[in-house]
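Residue-level listing of the chains:
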Amino acid sequence: MAANDRSDIILETQGLTREFSGFVAVDGVDLRVKTGQIHALIGPNGAGKTTCFNLLTSFLEPTRGTIRFKGRDITGMKPAMVARLGLVRSFQISAVFPHLTALENVRLALQRARGASFDFWRSESTLKVYDDRARALLNDVGLSGQEETIVVNLSYGLKRALEIATTLALEPEMMLLDEPTAGMAHGDVDRIVELIRRIRKGRTILMVEHNLSVVEGLCDTITVLTRGRVLAEGDYAEVSKNPEVIAAYLGSEHA
Amino acid sequence: MLGFSRSQFIAFLIMVALIVVCPFVLYPVFLMRVLCAALFACAFNLMIGYVGLLSFGHAAYFGMGSYVTAWTMKHWHLDAFLAIGLGGLTGAALGLVLGYLAIRRSGIYFAMITLALAQMVYFFCLEAPFTGGEDGIQQVPRGRMLGFLDLSNDMTMYWVVAAIFIGGFLTIHRIIHSPFGQVLKGIRENEPRATSLGYRTDDYKLIAFVLSCAITGIAGGTKALVFGIATLTDVHYSTSGEVVLITLLGGLGTVFGPAMGALIVTAMENYLAQAGAWVTVIQGAIFMVCVLAFRRGVIGEIANWRKLTL
């Protein structure tokens, strides 16, 4: 690998490894995500995709290996710090604050911009300055009119959309989306894909995705993981022709 | 109004009206006991209801607040305002140290660690010379508040306690409805998500814990002043248990539940005192009925029934 293509790498791991009492979930993964791309991480169940996400965002500490984000070593950093640097993740199960309103959900992310908001003596109305921006974000993801809805009452698809709106509120340089379309009806899938396409401008996205038609239409680079190792990497055409990948993962679907 | 919803504001007015009227009907010393317990429970509710952490050792902060106020009143003859303030500071300082050790855990582990640390405080109080051991600190003078209010008069003392309670109650309300409180709710709802948004959740939980302990210390100090005594009971784990009972009975996570619970439990202890040990049995029975039949507690059930936020 030539050193001159490093400048456009936003996230890079070297020998990333995580062991769980003898079991190696992620085994020496070297991942390079280029700035501005949508990069997919695919692989069969148990391939280590979610563990990888947890490692990249410091929710788990790697047993070995390093992670560099924007050229900076972020290995072992506190997860909140990683988020502040602009590497923000979503979760496989929809990560919302269920008993707050949609508006409050987004505002909690916007409020982060105030720095550490330990001001327990101030009134909530201080947060009203964020309402317009929060409404705009909700509108962006197709949630206008639902601002005051308690989130637990939203449909699954809308919760995922809200989650993306909340993540976008931080204006992260890089988003990690963990199965953004998992468990969704067709119409909802199309909407989320459309949304991801719209929000990619000016950011890098790394996503775990099972739905291959989503990956095909959306992603620039695909990394295939199996049993914690990188099996193949390339664009969809390349990866889908790789015999090893077909055997390990695509086999049944492309038979 | 004051950041309350409409129904909450009406409930607040009713509560204030009761606080004003009751001393003319009921024995003020009993009412002061209710108010101290109510403030204690409100502070405890801040942790369990709004952060979602069950502290099983809140007696440590209550008791230490009580000892410090009693000691400084008796030996330094401080102004009551300062002495109670020192009680609150003691609660906060102790909360900062013990909270720092406990806050990294959650659920049952947090409860057990806070209980263990509170037991250590109990044994410290049993052995330390200034607490008077088994005797406690007795005959604490009530002294004066802000130099001019003579607290030896029960009614004057009552108005001071009422003011402290309402002040503490509104402070907690403000904490819950502040930008800080919003983050707390986020942490309670989904801590990993709050972390992924860049919040260092441990810091928020610790600050909430310290605030809760400060108000608990103030409640303890006020109690010591009212009864002129600080004893081992105040730091005993049964006091920690009682505040859990009060909060659950009144309505966990509701604004008015802890005060209601304090009224019910204190009234039982007071008016059933002749029944001796049976009070505990009756309390236990009521607690079981509460857990089995109306889990939301008195205020929680009313709120749910009338579809109100209380």
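Given the structure is predicted, the values throughout are model-derived calculations rather than measurements.

1. Some remarks on the packing of helix H4 (residues 80-102) of chain B against helix H5 (residues 107-127) of chain B
Residues and elements named next belong to chain B.
Moving on, step 1. The N-to-C vectors of H4 and H5 enclose an angle of 140°; their axes lie 9 Å apart at closest approach. One element, H4, and the other, H5, form an angle in the oblique class. Between H4 and H5 lies a crossing of right-handed hand. Contact with H4, carried on its side by Leu94, Leu98, Leu101 and Ala102, involves Phe110, Ile113, Thr114, Leu117 and Val121 of H5 and no other residues of that element.
Moving on, step 2. Of the residues assigned to the contact of H4 with H5, the class counts are eight nonpolar, one polar and no charged.

2. Comments concerning the pattern of salt bridges
Residues and elements named next belong to chain B.
Moving on, step 1. All told, the structure shown has 21 salt bridges over all chains when counted by the stated rule.
Moving on, step 2. Where Asp234 meets Lys223, a salt bridge forms, and the shortest distance between an N and an O atom there is 2.9 Å. A residue pair is termed long-range when its members are at least 10 positions apart, and Asp234 in the loop between helix H9 (201-227) and helix H10 (237-250) and Lys223 in helix H9 qualify at eleven residues. The same class applies to Asp234 and to Lys223, which are both buried.
Moving on, step 3. Here the salt bridges share partners, and the residues they tie into one network are Arg104, Glu191, Asp202 and Lys205.

3. Details of the pairing of strand S1 (residues 9-20) of chain A
All names here are of chain A.
Moving on, step 1. The sheet contact formed by S1 and strand S3 (residues 32-34) spans three bridges and is antiparallel. By the bridge assignment, Ile9 is partnered in S3 with Lys34.
Moving on, step 2. Inspection of the sheet shows S1 paired to strand S5 (residues 64-69) by five bridges, in the antiparallel sense. Residue pairing across strands places Thr13 opposite Ile67, the latter belonging to S5.
Moving on, step 3. Sheet analysis places S1 next to strand S2 (residues 23-29), joined by four bridges and oriented antiparallel. Counted as the bridge partner of Phe20 is Phe23 from S2.
Moving on, step 4. Linking S1 to S2, which pair antiparallel, is a turn of two residues; within it Ser21 sits at a positive phi near 30°.

4. Topic: the side chain of Thr17 of chain A
All names here are of chain A.
Moving on, step 1. With respect to the helices and strands, the residue Thr17 is situated in strand S1.
Moving on, step 2. Residue Thr17 is classed as buried on the basis of its relative accessible area of 3%.
Moving on, step 3. A polar atom in the side chain of Thr17 sits 3.0 Å from the backbone nitrogen of Gly28.
Moving on, step 4. When residues no more than four places from it in sequence are discounted, the contact partners of Thr17 are Val24, Val26, Asp27, Gly28, Pro62, Thr63 and Arg64.

5. Regarding the nonpolar core
Moving on, step 1. Judged by nonpolar contacts, the single largest core of 147 residues is most densely connected at Val106, Leu162, Met207 and Ile222 of chain A together with Phe165, Phe169 and Phe256 of chain B.
Moving on, step 2. Element by element, the count of residues in this core is highest for helix H2 (residues 28-50) of chain B, at 19 residues.
Moving on, step 3. Counting residues domain by domain, this core receives three or more from each of domain 1 (1-86 + 172-255) and domain 2 (99-170) of chain A.
Moving on, step 4. Filtering out sequence-adjacent residues up to four positions away, Phe165 of chain B remains in contact with Met15, Ile19, Leu35, Ala38, Leu39, Cys42 and Ala259 of chain B.
Moving on, step 5. Listed in part, the 25 residues of the second largest apolar core include Leu11, Leu31, Ile74 and Leu85 of chain A.

6. Here we look at unusual backbone geometry
Residue and element names in this part refer to chain A.
Moving on, step 1. Despite not being glycine, Ser21 shows a phi value in the positive range, around 30°.
Moving on, step 2. As for its placement among the helices and strands, Ser21 is situated in the loop between S1 and S2.
Moving on, step 3. Relative accessible area serves as the criterion here: at 84%, Ser21 is assigned to the exposed category.
Moving on, step 4. Even without being a glycine, Glu171 presents a positive backbone phi close to 45°.
Moving on, step 5. Mapping Glu171 onto the fold places it in the loop between helix H5 (156-169) and strand S8 (174-178).

7. Some details on the packing of H4 of chain B against H9 of chain B
Residues and elements named next belong to chain B.
Moving on, step 1. Axis separation between H4 and H9 bottoms out at 7 Å; the angle between their running directions is 145°. For the crossing formed where H4 meets H9, the hand is right-handed. Contacts between H4 and H9 pair Ala80, Ile84, Gly87, Gly88, Gly91, Ala92, Gly95, Leu96, Gly99 and Tyr100 from the former with Leu206, Phe209, Val210, Cys213, Ala214, Gly217, Ile218, Gly221, Thr222 and Leu225 from the latter.
Moving on, step 2. Here the residues of the contact of H4 with H9 sort into twelve nonpolar, eight polar and no charged.

8. Quick word on the interface of chain A and chain B
Moving on, step 1. In this complex, chain A contributes 38 residues to the contact, which on the side of chain B involves 25 residues.
Moving on, step 2. Its largest share of buried area at the contact with chain B, chain A owes to Phe97, Phe118 and Phe120 of chain A, together 24% of the area lost on that side.
Moving on, step 3. Two residues, Glu124 of chain A and Lys185 of chain B, come together in a salt bridge whose shortest N-O distance is 3.9 Å.
Moving on, step 4. Across the chain A-chain B interface, the total number found is 15 residue pairs in polar contact (both at pLDDT 80 or more).
Moving on, step 5. Mapped onto the side of chain A that touches chain B, the elements with two or more residues apiece are helix H2 (79-85), strand S7 (87-89), helix H3 (102-110) and H5 of chain A.

9. Digging into helix H7 (residues 179-189) of chain B
Moving on, step 1. Taking burial as the measure, the eleven residues of H7 of chain B include ten buried ones, the bulk of the element.
Moving on, step 2. Those residues of H7 of chain B lying buried are Pro179, Phe180, Gly181, Gln182, Val183, Leu184, Lys185, Gly186, Ile187 and Glu189 of chain B.
Moving on, step 3. Against H3 of chain A together with H2, helix H6 (154-176), helix H8 (191-196) and H9 of chain B lie the buried residues of H7 of chain B.

10. What to know about the domain arrangement of chain A
All names here are of chain A.
Moving on, step 1. When its domains are assigned, chain A resolves into domain 1 (1-86 + 172-255) and domain 2 (99-170).
Moving on, step 2. The centre of domain 1, based on its C-alpha atoms, is set 27 Å off from the matching centre of domain 2.
Moving on, step 3. Residue-level contacts link 16 residues of domain 1 with 13 residues of domain 2.
Moving on, step 4. With both chains or domains summed, domain 1 and domain 2 bury close to 1,200 Å², and 63% of this area falls on carbon and sulfur atoms.
Moving on, step 5. Applying the counting criterion to the domain 1 and domain 2 interface returns four residue pairs in polar contact (both at pLDDT 80 or more).
Moving on, step 6. The element that contributes the greatest number of residues to the side of domain 1 that touches domain 2 is helix H6 (residues 186-199), accounting for six residues.
Moving on, step 7. Grouping the constituent residues of the side of domain 1 that touches domain 2 by class yields eight nonpolar, one polar and seven charged.

11. Observations regarding the pairing of S5 of chain A
All names here are of chain A.
Moving on, step 1. When S5 meets strand S6 (residues 72-73), the two strands line up antiparallel, connected through two bridges. The partner of Phe69 across the bridge, within S6, is Arg72.
Moving on, step 2. What sits between S5 and S6 in their antiparallel hairpin is a turn of two residues, with Lys70 showing a positive phi close to 50°.

12. Thoughts on helix H13 (residues 297-305) of chain B
Residue and element names in this part refer to chain B.
Moving on, step 1. The set of residues buried in H13 consists of Gly297, Ile299, Gly300 and Ala303. What you see down the axis of H13 is that its buried residues fit within an arc of 125°, all on one side.
Moving on, step 2. Each element contacted by the buried residues of H13 is listed here: H10 and helix H11 (257-271).
Moving on, step 3. At the C-terminal side of H13, Lys307 shows a positive phi close to 55°.

Parameters at a glance
- Residues numbered from 1 in each chain as written.
- Chains lettered and ligands numbered in written order.
- Predicted model: local features only at pLDDT ≥ 70, side-chain atom pairs only at ≥ 80, totals over all residues.
- Heavy atoms only, no water.
- Axes fitted to C-alpha atoms, helices over the stretch in contact; angles between N-to-C directions.
- Helix = DSSP H or I, 4+ residues; strand = E, 2+ residues; numbered from the N terminus.
- Parallel < 35°, antiparallel > 145°, perpendicular 65-115°, else oblique.
- Left-handed = near helix turned anticlockwise from the far one by under 90°.
- Contact = heavy atoms within 4.5 Å.
- Nonpolar A, V, L, I, M, F, W, Y, C, P; charged D, E, K, R; others polar.
- Salt bridge = Lys/Arg side-chain N within 4 Å of Asp/Glu carboxyl O.
- Buried < 20%, exposed > 50% of the residue type's maximum accessible area, 1.4 Å probe, protein only.
- Pairing = 2+ DSSP bridges.
- Polar contact = N/O pair within 3.5 Å; in protein donor to acceptor, adjacent residues only side chain to side chain.
- Core = buried A, V, L, I, M, F, W, Y, C linked by side-chain atoms within 4.5 Å.
- Domains from an automatic or database assignment.
- Buried area = accessible area lost by both parts, 1.4 Å probe.
- Arc of directions from axis to C-beta.

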